Amino acid sequence: MSNVTEAPASREAETRARIVATAERLFREIGFQKTTVADIARELRMSPANVYRFFGSKAEIHVAVARQLMGEVEAAARRIAFGQGSAAERLRALIVSIESLNADRYIADRKLHDMVEAALDQHWPTIDEHIDRIDALFEAVIAAGMDAGEFEKGDAGLAAKLVHTACIRFCHPRLMVECADRPEPASVQMVEFCLAALRRGVSR
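Residues numbered from 1 in each chain as written. Predicted model: local features only at pLDDT ≥ 70, side-chain atom pairs only at ≥ 80, totals over all residues. Heavy atoms only, no water.

Enquirer: Describe the pattern of salt bridges, naming the residues involved and giving the relevant values.
Expert: Applying the stated rule across the entire model yields 8 salt bridges. Here glutamate 43 ties to arginine 25 by a salt bridge, and the two come within 2.8 Å at their closest N and O atoms. Here arginine 25 lies in helix α1 (residues 2-30) and glutamate 43 lies in helix α2 (residues 37-44), a separation of 18 residues in the sequence. Its relative accessible area of 43% is what places glutamate 43 among the partly exposed residues. Relative accessible area serves as the criterion here: at 35%, arginine 25 is assigned to the partly exposed category. Connected through shared salt-bridge partners, Arg25, Glu29 and Glu43 make up one network. (Salt bridge = Lys/Arg side-chain N within 4 Å of Asp/Glu carboxyl O. Helix = DSSP H or I, 4+ residues; strand = E, 2+ residues; numbered from the N terminus. Buried < 20%, exposed > 50% of the residue type's maximum accessible area, 1.4 Å probe, protein only.)

So this is what it looks like as structure tokens:
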């Protein structure tokens, strides 16, 4: 019985994934504002009404694309946070990797950056959820460093927010664009500054 019910669910998930992938490609090619549901449906050789069976509005597709892009960053960050190396090495790699991944997705491709701008201006909940997930990864690495004696004991949650805030210009797509003509300090310099602070225990 479960196989009978799982098959339609699997097909639905596959179709949703195809819609999101197609929407992302069109957003990159012609921009998310110019892309219509009819454009997405035509690429998939289905009717707009069929697309609306899976997403109630164009806005829901926007959010799904943003969630997928941010999910890719989160997955890569999670592998680093719980991977090999000292806490300092992982925190360093975490920040530099997030900077690189966001630059690839939102800075090099300005049409996708426009979507991020809209998400920020319109306060999409998925943005806050993404920040919370990244904060949690920072906290996990910092807590591990405190437990291992690499960092001074303190409030790991507060320390994570302080480090994330200190490095925000390297993690936030809008600030990455606004600060593009100000190359200093570099992300690696800011990370070393934060590591020095963590070793001194300023988060208490």
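Enquirer: For the packing of helix α5 (residues 87-107) against helix α7 (residues 125-148), give the residues involved together with the corresponding values.
Expert: At a closest axis distance of 8 Å, the pairing of α5 and α7 adopts a crossing angle of 160°. Classified by the angle between their axes, α5 and α7 sit roughly antiparallel to one another. The hand of the α5/α7 crossing is left-handed. Seen from α5, the contacting residues are Ala87, Arg90, Leu91, Leu94, Ile95 and Ile98; seen from α7, they are Ile134, Leu137, Phe138, Val141, Ile142, Ala144 and Gly145. Within the contact of α5 with α7, the residues separate by chemical class into 11 nonpolar, 1 polar and 1 charged. (Axes fitted to C-alpha atoms, helices over the stretch in contact; angles between N-to-C directions. Parallel < 35°, antiparallel > 145°, perpendicular 65-115°, else oblique. Left-handed = near helix turned anticlockwise from the far one by under 90°. Contact = heavy atoms within 4.5 Å. Nonpolar A, V, L, I, M, F, W, Y, C, P; charged D, E, K, R; others polar.)

Enquirer: Describe the packing of α5 against helix α6 (residues 110-121), listing the residues and the values that go with them.
Expert: Running from N to C, α5 and α6 cross one another at 100°; their axes reach a closest spacing of 6 Å. Comparing their axes, α6 and α5 come out roughly perpendicular. For the pair α5 and α6, contact is made by Arg105, Tyr106 and Ile107 and by Arg110, Leu112, His113 and Val116, respectively. Broken down by class, the residue content of the contact of α5 with α6 amounts to 4 nonpolar, 1 polar and 2 charged.

Enquirer: Would you mind going over the domain arrangement of the protein in detail, with residue names and values included?
Expert: Per the domain assignment, the segments of the protein are domain 1 (1-56) and domain 2 (66-200). One C-alpha centre belongs to domain 1, the other to domain 2; they are set 31 Å apart. Taken together, the 8 residues of domain 1 in the interface contact 9 residues of domain 2. Per-residue buried area on domain 1 facing domain 2 is highest for Glu24, Arg28 and Phe32; these three make up 66% of the total on that side. In this assembly, domain 1 and domain 2 are joined by 0 salt bridges. One can count 1 residue pair in polar contact (both at pLDDT 80 or more) joining domain 1 with domain 2. (Domains from an automatic or database assignment. Buried area = accessible area lost by both parts, 1.4 Å probe. Polar contact = N/O pair within 3.5 Å; in protein donor to acceptor, adjacent residues only side chain to side chain.)

Enquirer: Would you mind going over the environment of glutamate 117 in detail, with residue names and values included?
Expert: The topology assignment puts glutamate 117 in helix α6. For glutamate 117, a relative accessible area of 21% corresponds to the partly exposed category. The spacing of glutamate 117 and arginine 174 is 57 residues in sequence and 7.0 Å in space, taken between C-alpha atoms.

Enquirer: For the side chain of glutamate 24, give the residues involved together with the corresponding values.
Expert: Locating glutamate 24 in the fold gives a position in helix α1. Of note is the side chain of glutamate 24, whose polar atom sits 3.0 Å from the side chain of arginine 28. Once you skip the residues sitting within four places of it in the chain, glutamate 24 turns out to touch Val65, Gln68 and Leu69.

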